[in-house]
Amino acid sequence: MGKINKRKKVAIIFGITGQDGSYLAEFLLKKNYIIHGVKRRSSSANTERIDHIFDSINFRNKNFFIHYGDITDSSSILSLLNKVKPDEIYNLAAQSHVKVSFDIPEYTANSTALGALRILESIKILNLKKTKYYQASSSEMFGKQVSKKSQNEKTSFHPMSIYGVSKVFAYHTSVFYREAYGIFASNGILFNHESPRRGPTFVTKKIIQGLVRIKLKKQKFLSLGNLYAVRDWGHAQDYVETMWKILQYKKADDWVIATNVEMSVKKFINKCAKKLNINIIWKNKGLNEVGINKDNNEVVIKLDKKYIRPGEVNYLRGDYSKAKKLLKWKPKYTVDYLIEDMIRYEKNLYK
Ligand code: NAP
Ligand code: F7E
């Protein structure tokens, strides 16, 4: 009997150089996909999270291609989609930092909101009927939650930043292109997810990097903002798998992806410190609150008002029962594993 020649699936990843883009690329390559990643031009290298995917001698991987492009540039999107005609598109590109979105609101809206519109409109113009689209939606869309109930696909949105507002626009734009033009466009409403590859200014990475350096006596203290915000932190490696599952589901839909475990920033610090054998006691209130290393009486955590946001999301905990039931997905990694993985990575940098 002749061998069946199964065509490899082709995916475009916008945001390939980011935390999720790099893990998703690894995941899809293992599934035998051909990947086209889009990176934007920058004056210094922005590919350190994906450099290992290429072979080190020829800097080549026959299933992995990188293209210059920008989600604020419609022409680059249109011509790439026309050339590649992918089976799947993952839109992970965004100005993804909530605090930064207060400082650069217009650019945040241009990339995070209009970027999604540009890709969806390109799919429509090119009449790519078989192309499936994944939108990286965010728990930040839920925003101001008055009750401490968990959030699911039916919870209403009340964003508290231009980042959140932009993600709401991209969410509804995806639903609209699905309903009006029949495009397979799905939203993954992902709660916070972290990893050793997390950007250094997000709170988990900042805490772990800071505490490891304090432990190694390379830093004296760490300055933070709101210690009482509650988040639902998962591992990015777990979450990229669901992105793929979402596009394999029989119809386009919207999905909450989370762990359903809540934790305040302060509790996260205490957990990390304990794993590093730093014994922290807390003193004072408000902006004067400090974390003191009980063993030497030195202040290791201070608060700085520059990290306090004009709009804050105080409570996030995701109810992922729909994904659990229909996608058969649940997180593999606990927050304890996540912290240990991140600590291990930081410590290795100093070996
Ligand atoms: P990230 O590490 O900040 O990665 C963002 C990616 O977007 C990077 O590759 C970045 O390129 C790229 N990008 C930014 N502006 C661009 C532009 N104008 N044109 C082309 N590419 C651009 O974010 P992440 O944590 O991987 O998150 C991936 C996506 O999921 C984002 O859309 C984020 O908003 C969303 N999300 C994240 C979480 C989370 O907890 N991580 C939760 C929910 C949703 P550079 O490398 O050049 O900066
Ligand atoms: O802040 C508080 C801060 O910046 C978490 C993005 O991936 O997840 C992420 O957005 C909490 C906030 O993440 C500092 O006020 C205290 O309450 O790590 P973060 P985020 O804002 O939740 C969502 C789901 C996304 O979609 C986003 O793309 O921690 N916090 N002190 C601090 N935060 C930072 N960054 N730095 C501090 O010093």
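In what follows, the accompanying structure is described. (Residues numbered from 1 in each chain as written. Chains lettered and ligands numbered in written order. Predicted model: local features only at pLDDT ≥ 70, side-chain atom pairs only at ≥ 80, totals over all residues. Heavy atoms only, no water.)

Our next topic: the site of ligand 2. Taken together, 21 residues surround ligand 2, and among them Ser 96, Ser 138, Tyr 163, Arg 309 and Glu 312 come closest. At 2.8 Å from an oxygen atom of ligand 2 is found a main-chain nitrogen or oxygen belonging to Val 203. Arg 231 is positioned such that a nitrogen or oxygen atom in its side chain is 2.8 Å from an oxygen atom of ligand 2. Computed on the free molecule, ligand 2 has an accessible area of 700 Å², of which 95% lies beneath the protein chains in the complex. Taken together, the residues that form the shell around ligand 2 break down as eight nonpolar, eight polar and five charged. (Near = heavy atom within 4 Å. Polar contact = N/O pair within 3.5 Å; in protein donor to acceptor, adjacent residues only side chain to side chain. Areas by Shrake-Rupley, 256 points an atom, 1.4 Å probe, with all protein chains shown as cover. Nonpolar A, V, L, I, M, F, W, Y, C, P; charged D, E, K, R; others polar.)

Quick look at the pairing of strand β6 (residues 184-190) now. With seven of seven residues buried, β6 lies mostly within the body of the structure. Covered by surrounding structure in β6 are Phe 184, Ser 186, Gly 188 and Leu 190 together with Ala 185, Asn 187 and Ile 189, the residues of both alternating faces. Where strand β5 (residues 132-138) meets β6, seven bridges bridge the pair, whose relative direction is parallel. Bridge pairing links Tyr 134 to Ser 186 in β6. Where the polypeptide runs from β5 across helix α5 (residues 162-181) and back to β6, its parallel neighbour, the crossover connection is right-handed. One ladder, built from four bridges, connects β6 with strand β11 (residues 254-257); its direction is parallel. Residue Leu 190 lies in a different strand from β11, and its bridge partner there is Ile 257. (Buried < 20%, exposed > 50% of the residue type's maximum accessible area, 1.4 Å probe, protein only. Helix = DSSP H or I, 4+ residues; strand = E, 2+ residues; numbered from the N terminus. Pairing = 2+ DSSP bridges. Right-handed = clockwise from strand over helix to strand, strands pointing away.)

What follows covers the side chain of Ser 166. As for its placement among the helices and strands, Ser 166 is situated in helix α5. Given a relative accessible area of 3%, Ser 166 falls into the buried group.

Once that is clear, we can look at empty space enclosed by the protein. Summed over all chains, the structure comprises one cavity of 30 Å³ or more. A volume near 30 Å³ is recorded for the largest cavity. Per element, the largest residue contribution to the lining of the largest cavity is three residues, and it comes from helix α2 (residues 74-84). Residue classes in the lining of the largest cavity are distributed as five nonpolar, two polar and one charged. (1 Å grid on protein atoms, 1.4 Å probe; cavity = no way out; pocket = protein on both sides within 12 Å on 5 of 7 lines; lining within 4 Å. Points joined across faces, edges and corners; volume = space filled by probe spheres on them.)

At their nearest, the axes of helix α4 (residues 105-125) and α5 sit 8 Å apart, and the two run at 10° to each other. In terms of orientation, α4 lies roughly parallel with respect to α5. The segment α4 lies against α5, with Pro 105, Thr 108, Ala 109, Thr 112, Ala 113, Leu 114, Ala 116, Leu 117, Leu 120, Glu 121 and Lys 124 engaging Ile 162, Tyr 163, Ser 166, Lys 167, Phe 169, Ala 170, Thr 173, Ser 174, Tyr 177 and Tyr 181. (Axes fitted to C-alpha atoms, helices over the stretch in contact; angles between N-to-C directions. Parallel < 35°, antiparallel > 145°, perpendicular 65-115°, else oblique. Contact = heavy atoms within 4.5 Å.)

This part covers the sheet that holds strand β14 (residues 290-293). Sheets are built from strands paired through backbone hydrogen bonds, the pairs being either parallel or antiparallel. The four strands are arranged β8-β15-β14-β13 in an open sheet whose pairing can be described as mixed. With one partner strand each, in any of the chains shown, β8 (222-224) and β13 (280-283) form the two edges of the open sheet. Between one strand axis and the next, the sheet turns by 25° as a mean value, whatever way the strands run. Looking at chain direction, β14 and strand β15 (residues 298-303) are connected through three bridges and run antiparallel. Within β15, the position partnered with Asn 293 by the bridge is Glu 298. Lying on the sheet, helix α6 (residues 203-215) is in contact with β8 and β15; it crosses β8 at an angle near 160°. The strands touched by helix α8 (residues 265-275) are β8, β13 and β15; relative to β13, the strand with the most contacts, the crossing angle is about 150°.

Let us now look at the site of ligand 1. Around ligand 1, the structure places 24 residues, and the nearest of them are Thr 17, Arg 40, Asp 70, Ser 96 and Tyr 163. Within the backbone of Gln 19, one N or O atom sits 3.0 Å away from an oxygen atom of ligand 1. Within the backbone of Leu 92, one N or O atom sits 3.0 Å away from an oxygen atom of ligand 1. When the free accessible area of ligand 1 is taken as 910 Å², the share hidden by the protein chains comes to 90%. When residues of the shell around ligand 1 are traced back to their parent elements, those giving at least two are α1 (19-30), β5 and α5.

In short, the description is geometric, and any link to function would need to be established separately.
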